[in-house]
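# Fold and geometry: a report
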Amino acid sequence: MLLGPELLSSIQTDLDAMMMEPDKDKWRWKTGADFMKYLSDRFDNVDLKLDASRRLADLYQKNMPFSEFEVELTKLMDRCNLDPAMKVHYLRNKINKRLRDAL
């Protein structure tokens, strides 16, 4: 998880207060684990599998270099927990026409 500008601005006040307050008992998050749990609960995509499924439905190689396409396709198929037969099905249907004709 990266601290993008939107995420950072939403926690900046708390981070500033922690930097100024020497008494750790007054900090909003007592440990790094507490902080990471807060970030995860608040900002992680609640349904990564659904998001991956939607992105997979829209993904086609077209003019994308095969190596880039294969990395993205594999990542999305893994997040969707597809079995090997379905992975082959998606690969065959998502590659560009030139590669499909070569098969």
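Here the focus is the overall build of the chain. A tally of regular secondary structure across the chain gives six helices and zero strands. Ordering the α and β elements of the chain from the N terminus gives α-α-α-α-α-α. Out of the 103 residues in the chain, the part that is buried amounts to 19%. Taking contacts inside the chain between residues at least 6 apart in sequence as the whole, the part at least 24 apart equals 49%.

Next up on the list: unusual backbone geometry. A positive phi angle is found at K62, which is not glycine, with a value near 50 degrees. In this structure, K62 sits in the loop between helix 3 (48-58) and helix 4 (66-79). Its relative accessible area of 62% is what places K62 among the exposed residues. Although it is not a glycine, N81 adopts a positive phi angle of roughly 55 degrees. Residue classification places N81 among the exposed residues on the basis of a relative accessible area of 61%.

Position of K94 among the secondary structure elements: in helix 5 (residues 84-94). Linking K94 and L56, residues 38 residues apart in sequence, is a C-alpha distance of 9.2 Å. Excluding anything up to four places from it in sequence, K94 contacts L56, A57, D58, L59, Y60, Q61, F69 and L73. Polar side-chain contacts of K94 include one of 3.1 Å to the backbone oxygen of L59.

Turning our eyes to something else, we now look at the pattern of salt bridges. On inspection of all chains with the given rule, the structure shows six salt bridges. A salt bridge links R28 to D14; the shortest N-O distance between them is 2.6 Å. Taken together, the residues R28 in the loop between helix 1 (5-20) and helix 2 (32-43) and D14 in helix 1 connect sequence positions 14 residues apart. Judged by its relative accessible area of 45%, R28 falls in the partly exposed class. Relative accessible area serves as the criterion here: at 22%, D14 is assigned to the partly exposed category. With its nearest N and O atoms 2.8 Å apart, the salt bridge here joins K87 to D78. When its relative accessible area of 41% is taken as the criterion, D78 is described as partly exposed. One salt-bridge network, held together by shared partners, links D51, R55, E72 and K75.

What counts, and where the lines are drawn
- Residues numbered from 1 in each chain as written.
- Predicted model: local features only at pLDDT ≥ 70, side-chain atom pairs only at ≥ 80, totals over all residues.
- Heavy atoms only, no water.
- Helix = DSSP H or I, 4+ residues; strand = E, 2+ residues; numbered from the N terminus.
- Buried < 20%, exposed > 50% of the residue type's maximum accessible area, 1.4 Å probe, protein only.
- Contact = heavy atoms within 4.5 Å.
- Polar contact = N/O pair within 3.5 Å; in protein donor to acceptor, adjacent residues only side chain to side chain.
- Salt bridge = Lys/Arg side-chain N within 4 Å of Asp/Glu carboxyl O.

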